[in-house]
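Chain by chain, the residues:
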Amino acid sequence: MAFPIQAQLMDYLVLAIVHRGDTYGYELTQTLMSLINVSESSLYPVLRRLKAANYLRTYDKEIDGRNRRYYSMTTEGERMLVKLSGDWQEFKDGIDSIVGGTV
Amino acid sequence: MNRQQFMKDLKRYLKKAHPQDVQDALEFYEELFDDAGLRPDDTVPESYGTPKQIALEILAEKTLNDDPKDNPKRMVPLWAIFVAIFAFPIGIPLIIATLAAIFALVVASVAVAIGFFAVAASLVYVMFMPGVTGAFQVMAIGAILFSFAIAALLFKLVAAILRGIWRKISQMILDHKEKKERASRESQEHDPVFRPNAQRRSAASQPSQGFSANHSNPDPEYYDPEEKWQ
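Residues numbered from 1 in each chain as written. Chains lettered and ligands numbered in written order. Predicted model: local features only at pLDDT ≥ 70, side-chain atom pairs only at ≥ 80, totals over all residues. Heavy atoms only, no water.

**Focus: the side chain of Arg48(A)**
Inclusion rule: Where helices and strands are cited, they refer to DSSP runs of H or I of at least four residues and of E of at least two residues respectively, numbered from the N terminus. Buried means the residue's accessible area, taken with a 1.4 Å probe over protein chains only, is under 20% of the maximum for its type, while exposed means over 50%, and partly exposed covers the values in between. Counted as a polar contact is a pair of N or O atoms within 3.5 Å, where, for protein atoms, one must be capable of donating a hydrogen and the other of accepting one, and residues adjacent in sequence contribute only when both atoms are in side chains.
Position of Arg48(A) among the secondary structure elements: in helix H3 (residues 43-52). Judged by its relative accessible area of 13%, Arg48(A) falls in the buried class. Reaching out from Arg48(A), the side chain makes a polar contact with the backbone oxygen of Ile58(B) at a distance of 3.5 Å.

**Let's talk about unusual backbone geometry**
All names here are of chain A. Residues other than glycine seldom take positive phi values, yet Asn54 does so here, at roughly 65 degrees. Among the secondary structure elements, Asn54 is positioned in the loop between H3 and strand E2 (56-63). Of note in the backbone geometry, Asp64 takes a positive phi value of approximately 50 degrees without being a glycine. Examined against the element boundaries, Asp64 turns out to sit in the loop between E2 and strand E3 (66-73). Asp64 sits in the exposed class, given a relative accessible area of 77%.

**Thoughts on empty space enclosed by the protein**
The cut-off we apply is this: Only protein atoms enter the 1 Å grid, on which a cavity is a set of points fitting a 1.4 Å probe that cannot get out and a pocket is an open set with protein on both sides within 12 Å along at least 5 of 7 lines, lining residues being those with an atom within 4 Å of a point. Grid points are joined across faces, edges and corners, and a volume is the space filled by probe spheres set on the points.
Applying the stated criterion to the full structure yields 5 cavities of 30 Å³ or more. Space inside the largest cavity adds up to approximately 50 Å³. Around the largest cavity sit Ser41(A), Tyr44(A), Pro45(A), Arg48(A), Tyr29(B), Ile54(B), Glu57(B), Ile58(B) and Glu61(B), which together line it. Those elements giving two or more residues to the lining of the largest cavity turn out to be H3 of chain A together with helix H3 (51-74) of chain B. No other element matches the 4 residues that H3(B) contributes to the lining of the largest cavity.

Below you can see the structure in the form of structure tokens.
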């Protein structure tokens, strides 16, 4: 039993992770994959889109003689995260009241 | 498929993508594989997707991204076109005249320099002619040195002028290139349009992506938005 994770939800998750602290590709995949059923293949398009939309920015840092690209939040990204968390709460409350029989 | 082949295929499938997109994607996967400890001969797990699938997603987004970048090119203001047309009959002769003046200056300087060299050479000849006295010989040596100095100075001047012009031209070419690159980079970074569609399509086509039912009761550490985000 699995609910598909759609683009908006992926954006929400990635923004939430980056919000907690700047991070890089591999760490992001590990965090996501340890908690939900997504694959590495789904991350790059999300990062690309979030960067294109100016929700995330990148900077490079040299680690052990090679380059690592870090992702960090922009002001627009923070704003989007607040909006998405509101949307998620609304969605979750709706689902909960239906399955919980409170309607 | 091993890592090496994966990267090669990805590059091949991205042949038509924007060079910056190709570089970004290749760097992203190289870094991811490095971090995952995957060596060039190691097999890339299926969860990474196929190079073709990755490339198609990038190309699908790119066709949308291309539009705002092309806009500034098409939006050359009308007045600029008029100015360009009217400036053409004046501008071209002006450029030719400037180039001709520089050329004339260079040729004249070289000619004068050669003249001074000739004077110096002839004085050397005159100095050793019979009947030339010691006093005149000393004067001739002075004149020779003077002529050489003037000639050398002129040559240096010409060289400096030519070098200056060359530097100016190459700087102009470099600036133009850089401006173009910066423009393409900026249009990528500041594209404010948010497009969930491309990802939604690909996410839907991958049934393996889903999240389990226990997440309807999420870990507050991870999800609670009130506490962490506001």
